[in-house]
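Fold and contact review
The primary structure of each chain is shown beneath.
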Amino acid sequence: MKSRRFLLILALLLSFGLVLAACGSSDEADDSGGDDGESEEGGEQSGEDFSVAMVTDVGGVDDKSFNQSSWEGLQAFGDENGLEEGEGYDYAQSDSEGDYTTNLSRLVRQDFNLIYGIGYLLQPALEEVAEQNPETNFGLVDSVAEGDNIVSITFKEHEGSFLAGVAAALKTETDKIGFIGGEDGDLIRKFESGYVAGAKSVNPDIEIDIKYAESFAAADKGKLIASNMYNNDIDVIYHASGATGNGVFAEAKDRKQNNSDENIWVIGVDRDQHEEGQIDGNNITLTSMVKRVDVAVNEVATLTMEGEFPGGEVMEYGLDDDAISIAKTNEDAMTEDIVSKVDEWKEKIANGEVEVPSTDEELEEFESSL
Amino acid sequence: MDYVIEMLNIRKEFPGIVANNNVNLQVKEGEIHALLGENGAGKSTLMNVLFGLYQPEKGEIKVRGEKVSVSDPNVANQLGIGMVHQHFMLVDTFTVTENIVLGSEPRKGVTVDIKKAEKEVSELSKRYGLNVDPKAKVRDISVGMQQRVEILKTLYRGADILIFDEPTAVLTPQEIKELINIMKSLVSEGKSIILITHKLKEIMQVCDRCTVIRKGEGIGTVDVSGTNPDELASLMVGREVNFKTEKNPAEPKETYLSIHDLYVKDSRNVEMVKGLNLNVRAGEIVGIAGIDGNGQSELIEAIAGLRKSQAGTITLHDNVITNLSTRKVTRAGVSHIPQDRHKYGLVLDFPIGDNMVLQTYYQQPFSKKGVMNFKNIYEKAKALIKEFDVRTPNELTKARALSGGNQQKAIIGREIDRSPDLIIAAQPTRGLDVGAIEFIHRKLIGERDKGRAVLLLSFELDEIMNLSDRIAVMFDGQIIAEVKPEETNEQELGLLMAGNKVKKEGAE
Amino acid sequence: MFNNRTINVLIPLISVILGLLAGAVIMLLFGYNPILGYGALWNGAFGDSYFFGETIRMVTPYILSGLAVAFALRTGLLNIGVEGQVFVGWMASVWIGVAFELPMIVHLPLAVSAAAAAGAFWGFIPGILKAKLGVHEVIVTIMMNYIALYSTNAIVRHVITDGEDQTERVAPSASLASDWIAELTFYSRMHYGILIAVFMALIMWFILNKTTRGFELRSVGYNPHASNYAGMSVGKNIVLAMMISGAFAGLAGAMEGLGTYGYLAAKSGFTNIGFEGIAVALLGANTAIGVVLAAFLFGTLKIGALNMPTVADVPTELVEIVIALIIFFVASSYMIRWFILRFKKEGK
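Keep in mind that this is a model prediction, so the values were computed, not measured.

1. Focus on helix α2 (residues 66-80) of chain A
Residue and element names in this part refer to chain A. Spanning 15 residues, α2 covers 21 Å between terminal C-alpha atoms, matching the ideal 21 Å at 1.5 Å per step. Taken residue by residue, α2 has F66, N67, Q68, S69, S70, W71, G73, L74, F77 and G78 as its buried positions. Where α2 terminates, the next one or two residues include G82, which has phi positive at roughly 65°.

Quick look at the structure:
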């Protein structure tokens, strides 16, 4: 009895919705023409028909970090294949956690062929939407998702972070360095482990302060933590915190502005954040752990367009394919000595001499073996 | 004839009511002109028209002989009209000077030239004998001083026609005397004053002429020197008014309220009631006379269950009601007409009907099993509104919209209707006009005659003398004397209230 | 023609129109096409049944958080802690949802009530502090928000799960989601919670307007002194008001926990459901029906906005501006009231 009444009310609500929906589409018939119709898509697709989109996490598309980098990858892909923004490639920005599913579903409904979720935070939403839409191809950056129509793109950030740690340990004058993470979780622990391992490999007695901002979008917290660290004699900070890191840069630049003799450094993440560190002829960006999300995103899109979508696979990018690297843009700071040391360690990782830890447990093992 | 202000044939309507009809007001230069009328007669409406807050439907306004249109208060200010509001519009945390110059600050570059302002304020203050410290914070000065700040505010803006809206309502007798002197000195300096009031004594004391409004209609203007309070009162109310309420001698019966050796502390933890004894019997009105601050409020709050007492007993019939909750005291048969009706008597944002059941809403027939029965509530309210002559459009009107007298009548109706054994009436007629006062006095005497005990607290000696069957003088937390009104006079009471135990020691 | 009641309805309505108009002007100023922009917004919210489902999904918690704020305001309290109460409600519902295996008829009501109870408890603390010690509820509730945020994160990571960032999904027997609705709305996350939300609006109306308890609560809210004189217990009513308000907020959390998401993830910041509730209550003039309508508007704007960058190139931030403007106009209702009265006068 009761449930029948529930259904009745619900049906009423929904019919109301459908009426509104009808109004909506008649209003905008010219704009969204041909929404229905072919949702079929075979394996083969020419550049003309192919379309790809991405959903950012809460950092937003202008986070100067991996959301932005991914978007640059898509833009490059669009340019190469003569696609138009909006039609051929596009992004949807998420303002809150609740928007992930909505954005993914919406892009599916707008008939994009390949949809990326940028960031591990989108994993549950992406898995859910992918399951509901087996016809559409999905890509998840930075985490591993289950599903035949999902390709997972991950990076060996621990290796890059290891080299960042080496650079930091060589650069520091106080033997104290810092690490600022975004949200605590497996991914950022990977950065942390690599960084700590790298630094301790150079100097086993180095002090490393590790702090998490618990957000990828809180520049204010980033600034506060950085300020504390610099006050405590730490002179190199590696941040793996997305847009939170903008606060770290801001703090370092403020200090540099007040006292240009102060030797403080930031190590950037994801993109080469050289620009971010520019201040009056100085640059406080020591280096950046560059993660070519753009390259990976572009590559997977190209594969998919060519009909070779690597569904269900995990694509892991690392030092060997130059998808992970250490920026050498700041030549004043990255002295030849440091660069050659970094390259030495890179060689050791490449030939398997060093196994870089990627979790807390592996790090413990690594440290005890030093 | 030199009129500074002429308001001719003013008519102002509000939805459903004509607030002013055919009202004429002509104020001569340099006079104190009273505007007299009952609460709700339309005095404030008329002044708001003059001050530019309302636009009249009909009629014209002339200032110094020239026809003007006062579209908003700024225009009024420019015309030299200033209003001293009844409810002060001051910023507590600002200094006197800051309050006075607020909105028309003298500037020095981009900053306020506070030195210059202070100098100007202190000059103004001296010139009119206001004696205000320009640097004091408003929250630290007395109500009387705050009123002077309001006066200075209008003077500072160059007003030479000052409207005083019931200025004495909030003042002590001493402050009233001082205010009267200030008004006289203002007039001698060439200012003109319109005094809105319903206090006949003040008009007789200070005013030159008096314009009367009754129920929105202009009744006329009289020279004060050629009239007397009785005439003014009947002009205002429209019938003969008895200042002395007629009553039969009391026939006291058994003791209802009995207070024994009571000690009560106030909110600052200072002992205010110190071993007080008092009895009130059925069928009598006992008036408590005393200067404010001698523990009267604490005593009443202790009886009504609003304040804990430290020691002693309060008995109603044979039931000890000491330190019971308010609700239990109410249910035991005590009604309380509180001193401050806005703060304690009414929920101003509730309809007047809801206010009528503020204590009884949880009982049948107003509710059943926790669900309100508004039909019964409003029926009851309608009956009370009728019986107690509460003038309101209907029972759904918010209490806030009623005039003070009607609010008080509603409270008294509610309290009396519960058929209590004891009625505590604290300043039941404060701020009301003579018509309402008379009505309330009659109701209280009526309750006495029904055999109820009435405990009256008032700071108006007239009221105490007039209404009480027995007067208990309270000083420093104790009843220091009990006298019969017919065997005493104001002088003797005044001495007793000041703590002089002349004769007739406490009658216990 | 314009009595007080119509004015009270007109003010929010005019505010919304002014807000949307101002938004259009801003779009024009920045070189966007407002018709295209609002068209995209409309389609993004009602374009088809999927979007409609998502809109309803968003509206559901807004109704409840709006009711929570409105209820407190009607009783004279400013509950800024709705956000925190949403968190604890969310956590409680999910915890019950994952921890037990029970038949639905027991499990779902249990999980929902747990959310309400948790929210009520979170409201009880500022309530009792205000009633007993006179601590202002705004300060306490703001702090309680942070306590809720960080302690739920800790509980998710270390108590409900073993170091994970996210709980498991709640058992189907505790879920408000329905395959039937999902299919009908092309996998939107709309769930049965909307019925609970609307029902709660009715409950709020009934409590406040029809019961003796509501009479007391409103009376204490308007004038605690007079209520005290009339024999009501002011402290008790303050605590109760905060608890009921908190319970509504807790239910908003259950909508997310048992309906939309089905799990709770450790969060880096506030969900804003509670804070939006303040705006919803303000726009809805603190009445039950007003809150439902205002929540509907906010949900529509929020979900529709996501469509604006893709279709019309208008940044979603613009919708935030529109919402802020609507709130601004409601808050400056005095101005609108003045205009209405002016208009009325001239109309005569």
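2. Overview of the sheet that holds strand β24 (residues 478-483) of chain B
Residue and element names in this part refer to chain B. The strand order across the open sheet formed by 6 strands is β18-β21-β22-β15-β23-β24, and the pairing between neighbours is mixed. Looking at strand neighbours, the two that pair on one side only are β18 (334-337) and β24, the edges of this open sheet. Each neighbouring strand pair of the sheet contributes to a mean axis angle of 20°, computed without reference to strand direction. Strand direction decides the pairing type here: strand β15 (residues 285-289) and strand β22 (residues 453-457), joined by 4 bridges, are parallel. Bridging from a neighbouring strand, G287 pairs with L456 of β22. Here helix α14 (residues 404-417) sits on the sheet and contacts β18 and β21 (422-426); the angle it forms with β18, its principal contact strand, is near 175°. Sheet contacts for helix α15 (residues 434-449): β15, β21 and β22; angle to β22, the most-contacted strand, approximately 145°.

3. What about the environment of K115 of chain B?
Residues and elements named next belong to chain B. Secondary-structure assignment places K115 in helix α4 (residues 114-127). The exposure class of K115 is exposed, given the 11 C-beta atoms found within 10 Å. Sequence-wise, K115 and E175 are 60 residues apart; in three dimensions their C-alpha atoms are separated by 29 Å.

4. Remarks on the interface of chain C and chain B
Between chain C and chain B, the residue contacts involve 14 residues of the former and 22 residues of the latter. Contributions of two or more residues to the side of chain C that touches chain B are made by α9 (212-222) and α10 (224-229) of chain C. It is α9 of chain C that provides the largest number of residues to the side of chain C that touches chain B, a total of 5 residues. Among the residues making up the side of chain C that touches chain B, the classes are represented as 5 nonpolar, 7 polar and 2 charged.

5. A short note on the confidence of the model for chain C
Note that predicted coordinates carrying low pLDDT should not be read in detail. Chain-level statistics for chain C give a pLDDT mean of 90 and a share of 96% at 70 or above. Model confidence for the complex is summarised by a pTM of 0.76, with the ipTM given as 0.83.

6. Details of helix α10 (residues 336-350) of chain A
Between its first and last C-alpha, α10 of chain A extends 21 Å over 15 residues, near the 21 Å set by a 1.5 Å rise per residue. Backbone geometry just downstream of α10 of chain A places G352 of chain A in the positive-phi region, at approximately 85°.

7. What to know about the arrangement of the chains
Interchain contacts are distributed over 2 pairs of chains, and the most extensive set of them lies between chains A and C. In this assembly chain A lies apart from chain B, the nearest approach of their C-alpha atoms being 26 Å.

Rules of the game
- Residues numbered from 1 in each chain as written.
- Chains lettered and ligands numbered in written order.
- Predicted model: local features only at pLDDT ≥ 70, side-chain atom pairs only at ≥ 80, totals over all residues.
- Helix = DSSP H or I, 4+ residues; strand = E, 2+ residues; numbered from the N terminus.
- Expected span 1.5 Å × (residues − 1).
- Buried ≥ 20, exposed ≤ 12 C-beta atoms within 10 Å, placed from the backbone.
- Pairing = 2+ DSSP bridges.
- Axes fitted to C-alpha atoms, helices over the stretch in contact; angles between N-to-C directions.
- Contact = placed C-beta atoms within 7 Å.
- Nonpolar A, V, L, I, M, F, W, Y, C, P; charged D, E, K, R; others polar.
- pLDDT = per-residue confidence, 0-100.

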